[in-house]
Amino acid sequence: MTIKEIFDTMDYGPAPESSAEALKWLADRGGIAGHYINGKWGPLRDDFASYNPATGEKLAGVTKGTAAEIETAVAAARKAQPAWAKSGHKRARVLYAIARLMQKHARLLAVMETLDNGKPIRESRDIDVPLAIRHFYHHAGFAQLMKSELPNQEALGVCGQIIPWNFPLLMLAWKIAPALAMGNTVVLKPAEYTPLTAMVFADICTQAGVPPGVVNIVTGDGETGAALVAAEVDKIAFTGSTEVGRKIREATAGSGKALSLELGGKSPYIVFEDADIDSAVEGLVDAIWFNQGQVCCAGSRLLVQEGIAERFYTKLKARMDGLRIGDPLDKCIDVGAIVDPGQLDQITKMVSANTEGETYQVKAPEGCFYPPTLITGLSPASTLMQEEIFGPVLAATTFRTPSEAVEIANNTRYGLAASVWSENINLALDIAPKLAAGIVWVNGTNMMDAAAGFGGVRESGFGREGGWEGLAGYTKPSGTAKALKQIAAFTTEDGHPADPLDRTAKLYIGGKQARPDGGYSTPVYSPRGKLLGHASLANRKDIRNAVEACNAAKGWSKTSGHLRAQILYYVAENLSARAEEFATRINQMTGGRGGAEEVEGAIRTLFTYAAWADKYDGQVHGVPIRGVALAMKEPVGNIGVLCDDAAPLGGLISAMAPAIAMGNRVIMAASEPYPLAATDFYQVLETSDVPAGVVNILTGSHAELAPTLAKHLDIDAVWSFSSSDLSAVIEQASAGNLKRTWVNYGKALTPSARDYLAASTEVKNIWIPYGE
Ligand code: NDP
């Protein structure tokens, strides 16, 4: 190229990064990526290969981990865990050492990542590696602070961690840093396509003085992952596809293993007419062409307001024409290679199958590259608007009004992230809370940081990674819970009703007493055989009606904490006025003498959550941008609860009060053996201004109600404190819509108020950069 030509085109010259050091690093280790168990390498076998997707060259042989090797790694982690959990300060020093060594080897890590994954070196060097390092620094701090700030929490034990290929090192950091900080040890399985930076990381662990067994890495494929899921671990932390996430939910159901799932997404990128259009176009480059669109939170659905749509598309196409696609090791490249020909195939098939709208593509080189693509004129229901493509393909549609934008944005089974572009801060901040997403970026995209939780709602999974909220996923309340004995109803009868009038308690649905759909009821006896009354037997149709009532009461979630507090105080006042009657009822049913104390406790509980209703605040996270990340606490939605059997009133109130204080609507399955305190409680609700549908109360068999509650797609969470052990059934059935579950595994849980409040809320991080 002549100098004149360079001036004419103003094109970039090649600026290649050398791969020599990284290839030598691999060659020095025999060209094999394999296990790092108990601080030692091996076995190392050439079972399959990892390729450079940009060139097709083999980079290394990879060992496929067997179930036995997983067991060995888990045993090493188990042995190392108690000592590792002892000193937060020691852990902080080790995590700090890891961060420092990652900085020292940053270039090697970046080049290795680009070679293995195909992402542009500009991204691995400036985004993946620095963010991974930041995660270790940040969590060194959490290790130091654990004892003082989380005094009642302890490590879970051994965590099995499974990560995908799109951000191999960053996902490793997101998983390992918090686990180690909280005193857990880990067995991590990298993705089949991209195990190489995990090898460099293992080497760094040795250099940083990580005690043997604290970090174990087992390479392999999906079968190795499944073996890890089945192993004797205390938690599985998974990032990957919704399909595999669902399988893992089913596989771990009832095992007592903690689970966090960070799954797919189809995140909307909403551009209002008053947006800074050039910035919004530039934002899209990061939203959908960053990492070739292989990003779970990619802004893959463009929703643009009708009045500017044509102008916006024209500018976007011009910007697409300027994208540089090619050798990922070239520092001037914007879009690199797709991770593997298999993934390329999948993207190609999905786009070719589409017959709707207009497709605009720029040119891509031959090989494992896919051209940046824009498809306009799609209907919200079209496959490409609904399904995750996981490639550099942007599906676009238009909207007219803000409310239509919200409707289209939320028309998805996912709920990971969203971007809102508008120069009107009132509009942007009005829209952000209405979006079903765990993360919302205002006038920005793909901002992530160790200080702010990352994770989704709906089928994008549950749990958060990063920030204070992420620590909950790697800790549990200290101490051991006692086993719970199943409480059976009294069945002997002496033939004498306590009261000659027929007392058949109905269900309470949508603010009204309702006869059970099945028309059946069951007698409730005192321990001495007196007939106390009859309780209705609810069935699946009653649950459906209760869900409808919950949905009709959605307005409750938008009320102020102040209002909810007032109503809870009022419930407490009205219960207090009838304390004696409730105490007698409880004593009659249980045969005990603790009724008065239980009622008093229930009143205190109502006061406690009335107090919290307007005080369980969010946070402002200190993220390294010119701006803020607001961690807002939002209600989960509709919660189904199987109440504690032992405490007929206390068990109902202790779950109902925090849930409704935080703005949820609830379906409470009352104590199965002692249901009549819950049914008496209707009158208290009716006289306390609780809006219809906010609290629905059912009576009947927990075992029959549990699967329907857990399967219902419009129920967002199920909690079980029942003395019937229904944990496995609930977790298994919850896989359908990946609802949140909080179950007791047959143990007597003693959650703190904060545990209840955390279960009653989702954290949404709203990022608001500022400045002109
Ligand atoms: P997967 O969900 O299959 O893989 C994620 C991780 O899970 C990998 O380490 C994988 O191993 C492992 N794995 C696979 N099957 C099992 C199993 N049965 N039990 C336990 N672990 C298992 O995603 P893919 O990599 O196959 O990608 C498929 C699609 O998933 C993509 O096209 C994309 O749509 C989506 N995806 C979403 C991601 C996200 O962050 N939301 C990330 C990656 C993919 P291995 O890689 O060795 O097979």
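Criteria and thresholds
- Residues numbered from 1 in each chain as written.
- Predicted model: local features only at pLDDT ≥ 70, side-chain atom pairs only at ≥ 80, totals over all residues.
- Heavy atoms only, no water.
- Helix = DSSP H or I, 4+ residues; strand = E, 2+ residues; numbered from the N terminus.
- Rg over C-alpha atoms; globule rule 2.2 N^0.38 Å.
- Buried < 20%, exposed > 50% of the residue type's maximum accessible area, 1.4 Å probe, protein only.
- Contact = heavy atoms within 4.5 Å.
- Areas by Shrake-Rupley, 256 points an atom, 1.4 Å probe, with all protein chains shown as cover.
- Lys, Arg positive; Asp, Glu negative; His and termini not counted.
- Charge placed at Lys NZ, Arg CZ, Asp CG, Glu CD.
- Near = heavy atom within 4 Å.
- Polar contact = N/O pair within 3.5 Å; in protein donor to acceptor, adjacent residues only side chain to side chain.
- Nonpolar A, V, L, I, M, F, W, Y, C, P; charged D, E, K, R; others polar.
- Core = buried A, V, L, I, M, F, W, Y, C linked by side-chain atoms within 4.5 Å.
- Domains from an automatic or database assignment.
- Pairing = 2+ DSSP bridges.
- Disulfide = S-S within 2.5 Å.
- Buried area = accessible area lost by both parts, 1.4 Å probe.
- Phe/Tyr/Trp six-rings, centres within 6.5 Å; stacked < 30°, edge-to-face > 60°.
- Lys NZ or Arg CZ within 6 Å of the ring centre and 35° of its normal.
- Axes fitted to C-alpha atoms, helices over the stretch in contact; angles between N-to-C directions.
- UniProt positions renumbered as here; feature names shortened; annotations may be inferred.
- Salt bridge = Lys/Arg side-chain N within 4 Å of Asp/Glu carboxyl O.

Asks: I'd like a rundown of the overall build of the protein, residues and numbers included.
Replies: A count of helical and extended segments in the protein gives 26 helices and 35 strands. For 772 residues, the compact-globule formula gives about 28 Å, and the C-alpha radius of gyration of the protein, at 28 Å, lands near that figure. For the protein, the spread of C-alpha atoms along the principal axes amounts to about 105 × 60 × 45 Å. Counting every position in the protein, which comprises 772 residues, the buried fraction comes to 58%. Counting only contacts in the protein whose residues sit at least 6 apart along the sequence, the fraction spanning at least 24 positions is 76%. Counting only carbon and sulfur atoms, one obtains 52% of the accessible surface of the protein, whose full area is about 30,000 Å². Seen as two clouds, the 72 positive and the 84 negative side-chain charges of the protein have centres 5 Å apart.

Asks: Could you give me a rundown of the site of the ligand, with the residues and numbers involved?
Replies: Taken together, 27 residues lie around the ligand, and Ile163, Trp165, Lys189, Glu192 and Ser241 are the ones closest in. Between an oxygen atom of the ligand and a side-chain N or O atom of Trp165, the distance comes to 2.5 Å. One nitrogen or oxygen atom from the side chain of Gln343 is found 3.2 Å from an oxygen atom belonging to the ligand. In isolation the ligand has 850 Å² of accessible area, and contact with the protein removes 86% of it. Elements supplying a minimum of two residues to the shell around the ligand: α9 (222-230), β10 (235-239), α10 (242-252) and α13 (341-352). Counting residues per element, the shell around the ligand draws most heavily on α9, which supplies three residues. Across the shell around the ligand, the residue classes break down as 13 nonpolar, 10 polar and four charged.

Asks: Break down the nonpolar core for me, with residues and values.
Replies: Generally speaking, nonpolar side chains in soluble globular proteins are found buried as a group. Counting 114 residues, the largest nonpolar core has Leu302 and Phe312 as its most contacted members. Sorting elements by how many residues they give to this core places helix α7 (residues 168-181) first, with 11 residues. Shared between two domains, this core holds at least three residues of each, these being domain 1 (32-51 + 60-263 + 470-475) and domain 2 (268-455). Residues Ala572, Ala657, Val666 and Phe721 belong to the second largest nonpolar core, which totals 61 residues.

Asks: A description of the sheet that holds strand β4 (residues 48-51) should follow, citing residues and the corresponding values.
Replies: Paired through backbone hydrogen bonds, the strands of a sheet run either parallel or antiparallel to each other. The three strands lie next to each other as β1-β5-β4, forming an open sheet whose pairing is mixed. The open sheet has two edge strands, β1 (32-33) and β4, and neither has a second partner. Alignment of β4 against strand β5 (residues 58-62), held across four bridges, turns out to be antiparallel. By the bridge assignment, Ala49 is partnered in β5 with Gly61.

Asks: So what about the state of the cysteines? Which residues, and what values?
Replies: Within the structure shown, the criterion is met by zero disulfides. The closest cysteine sulfur to the non-disulfide-bonded Cys205 is located on Cys159, 15 Å from its own sulfur. By relative accessible area, Cys205 is classed as buried at 0%. The cysteine Cys296 is free of any disulfide, with Cys297 supplying the nearest cysteine sulfur at 4.7 Å.

Asks: Which residues make up the domain arrangement of the protein, and what are the values?
Replies: Each domain of the protein was delimited in the assignment, giving domain 1 (32-51 + 60-263 + 470-475), domain 2 (268-455) and domain 3 (504-622 + 636-758). Each of domain 1 and domain 3 has a C-alpha centre, and these two points are 39 Å apart. The interface of domain 1 with domain 3 comprises 13 residues on the first partner and 11 residues on the second. Of the roughly 840 Å² buried at the junction of domain 1 and domain 3 (both faces included), carbon and sulfur atoms supply 56%.

Asks: Tell me about the packing of aromatic side chains, and name the residues and values.
Replies: Taken as a whole and assessed by the stated rule, the structure comprises 21 aromatic pairs. With centroids separated by 5.0 Å and ring planes inclined at 70°, the aromatic side chains of Tyr569 and Phe607 adopt a geometry described as edge-to-face. Pair noted here: Tyr569 is in helix α19 (residues 561-577) and Phe607 is in helix α21 (residues 595-613), with a separation of 38 residues, a long-range link. With a relative accessible area of 33%, Tyr569 lands in the partly exposed category. With a relative accessible area of 44%, Phe607 lands in the partly exposed category. Across from the ring centre of Trp25, 3.8 Å away, lies the NZ or CZ of Arg29, which sits over that ring. The cationic tip of Lys633 hangs over the ring face of Tyr616; the distance from NZ or CZ to the ring centre is 3.9 Å.

Asks: With reference to specific residues and values, describe the sheet that holds strand β13 (residues 301-305).
Replies: Across the sheet, which stays open at both edges, the 10 strands sit in the order β14-β15-β16-β13-β12-β17-β18-β35-β28-β27 with mixed pairing between neighbours. The open sheet terminates on both sides in strands that have one partner only, identified here as β14 (358-361) and β27 (619-621). Each strand axis lies, on average, 20° off the axis of its neighbour in the sheet, ignoring direction. Taken together, the four bridges between strand β12 (residues 268-271) and β13 define a ladder with parallel strand orientation. Each residue of the ladder has a partner; that of Tyr269, found in β13, is Leu302.

Asks: Give me the UniProt feature "domain: Aldehyde dehydrogenase" (unreviewed entry) in the protein: which residues, what numbers.
Replies: Mapped onto this structure's residue numbering, the UniProt feature "domain: Aldehyde dehydrogenase" (unreviewed entry) falls at residues 47-476 and 522-746. When the span residues 47-476 is considered, its composition is 43% helix and 17% strand, and the gap between its end C-alpha atoms is 38 Å.

Asks: Account for unusual backbone geometry, with residues named and values stated.
Replies: The phi angle of most residues is negative, glycine excepted, and most peptide bonds adopt the trans form. Along the chain, Gly42 connects to Pro43 via a cis peptide bond; the corresponding omega equals -5°. On the secondary structure map, Pro43 appears in the loop between β3 (40-41) and β4. The phi angle at Asn38 is positive, at roughly 55°, despite the residue not being glycine. Inspection of the secondary structure assignment puts Asn38 in the loop between β2 (36-37) and β3. Residue Asn38 is classed as partly exposed on the basis of its relative accessible area of 34%. Phi angles above zero are rare outside glycine, and Arg458 is one such case at about 55°.

Asks: Go over the side chain of Asn216, please, and point to the residues and values.
Replies: Relative to the helices and strands, Asn216 resides in strand β9 (residues 215-217). There is a polar contact of 2.8 Å between the side chain of Asn216 and the backbone oxygen of Gly213. Beyond its immediate sequence surroundings of up to four residues, Asn216 is in contact with Tyr36, Ile37, Asn38, Ala73, Ala76, Ala77, Val186, Val187 and Leu188.

Asks: Describe the pattern of salt bridges, with residues and values.
Replies: Per the counting criterion, the structure on display carries 35 salt bridges. The residue Lys64 makes a salt bridge to Asp221 at a minimum N-O spacing of 3.2 Å. Residue Lys64 is found in the loop between β5 and α3 (67-86), and its partner Asp221 is found in the loop between β9 and α9; the two are separated by 157 residues along the sequence. Given a relative accessible area of 15%, Asp221 falls into the buried group. A salt bridge links Arg604 to Glu600; the shortest N-O distance between them is 3.7 Å. Note that Arg604 and Glu600 are positioned in helix α21 at a spacing of four residues, about one turn of the helix. Each of Arg246, Glu387, Arg413 and Glu459 takes part in salt bridges that share partners, so that together they form one network.

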